[in-house]
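Take a look at the letters that make up each chain.
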Amino acid sequence: MSNWKTLNVNYVYKTAFGNLRKDTCELPDGQIIEDYYVNEYVDWVNAIVLTKEKQIVLVKQYRYAAQDFFLEIPAGKPEGNEVYENAILREVREETGFISEQPPILLGEFYVNPATQTNKVVSFLIVDAYKAFDQELDPTEFIDVHLVDLNDMETMLVTGEINQLFTVSAYYMSKSLLTK
């Protein structure tokens, strides 16, 4: 098996949120794809945040593309050269006001959609969290904080009350660590 060859790259647009480019690619058998679109996004971080009282900290916010509200785990993107661990601690503090004396536990790094996107999500587990601050939201963020009993989380996933993919996957990745 061989790599595809990039013959040409043209940016459709570039924004602070992400870029869209249209590549011309040559497949290993010589076929040419004239318009292969790639979304360039930065990596992001998210975390299952478990309080000392065994509650999971979730955020509820409106997601414009889906035209609905979603219960999710705290998430965001690193700023500047910020390392992933510092980025998730900052995001959790800003979005929820929760902090922990324990370092975040890396659950894994996963490409979001390697067929058409360049970014990955880096998932963590944060334990023994407690509320120490008020929210410090960006001007475009409108976030409600919800505490969900650890024992209720799986039911909420199965019934579809929580239906955001990265929340579901991070929960199941952390499940064996949550019960310790």
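What counts and how
Residues numbered from 1 in each chain as written. Predicted model: local features only at pLDDT ≥ 70, side-chain atom pairs only at ≥ 80, totals over all residues. Heavy atoms only, no water. Core = buried A, V, L, I, M, F, W, Y, C linked by side-chain atoms within 4.5 Å. Buried < 20%, exposed > 50% of the residue type's maximum accessible area, 1.4 Å probe, protein only. Patch = residues over 30% accessible without salt bridge, like charges linked within 9 Å, V, L, I, M, F, W, Y side chains within 5 Å. Areas by Shrake-Rupley, 256 points an atom, 1.4 Å probe, with all protein chains shown as cover. Salt bridge = Lys/Arg side-chain N within 4 Å of Asp/Glu carboxyl O. Helix = DSSP H or I, 4+ residues; strand = E, 2+ residues; numbered from the N terminus. Expected span 1.5 Å × (residues − 1). Contact = heavy atoms within 4.5 Å. Pairing = 2+ DSSP bridges. Axes fitted to C-alpha atoms, helices over the stretch in contact; angles between N-to-C directions.

Ranked by internal contacts, the top residues of the largest apolar core, which has 18 residues, are Ile-48, Ile-56, Leu-58, Met-153, Ile-162, Tyr-171 and Leu-178. In terms of nonpolar packing, the next biggest core, distinct from the first, is built from 12 residues, Ala-87, Ile-88, Phe-124 and Ala-129 among them.

Once that is clear, we can look at a nonpolar patch on the surface. Taken together, Val-12, Tyr-13 and Tyr-37 make up a surface patch of nonpolar side chains, about 280 Å² in accessible area. With respect to the element layout, Val-12 can be found in strand β1 (residues 5-14). When its relative accessible area of 47% is taken as the criterion, Val-12 is described as partly exposed.

Turning to helix α1 (residues 84-96), a few remarks are in order. Under the 1.5 Å per step criterion, the end-to-end length of α1 is 18 Å for 13 residues, consistent within 8% with the ideal 18 Å. Those residues of α1 not exposed but buried are Ala-87, Ile-88, Arg-90, Glu-91, Val-92, Glu-94, Glu-95 and Thr-96. Looking one or two places after α1, you find Gly-97, whose phi comes out positive at around 85°.

Residues other than glycine seldom take positive phi values, yet Lys-54 does so here, at roughly 65°. One can find Lys-54 in the loop between β4 (44-51) and β5 (55-63). For Lys-54, a relative accessible area of 36% gives the class partly exposed. Unusually for a residue other than glycine, Gln-67 sits at a positive phi of about 55°. Looking at the element boundaries, Gln-67 is found in the loop between β5 and β6 (68-72). For Gln-67, a relative accessible area of 49% corresponds to the partly exposed category.

Now for the side chain of Ser-174. Note on placement: Ser-174 falls in helix α3 (residues 165-178). With relative accessibility at 0%, the residue Ser-174 sits in the buried group. Other than its neighbours up to four places away in sequence, Ser-174 contacts Ile-48, Leu-107 and Leu-125.

We now examine the sheet that holds β1. The sheet built from 3 strands is open, its strands ordered β1-β2-β3 with antiparallel pairing. Sheet topology places β1 and β3 (32-40) at the edges, where each strand pairs with a single neighbour. Averaged over all neighbouring strand pairs, the angle between strand axes comes to 25°, with direction disregarded. Note: β1 against strand β2 (residues 19-26), 8 bridges, orientation antiparallel. What sits directly across from Asn-10, in β2, is Lys-22.

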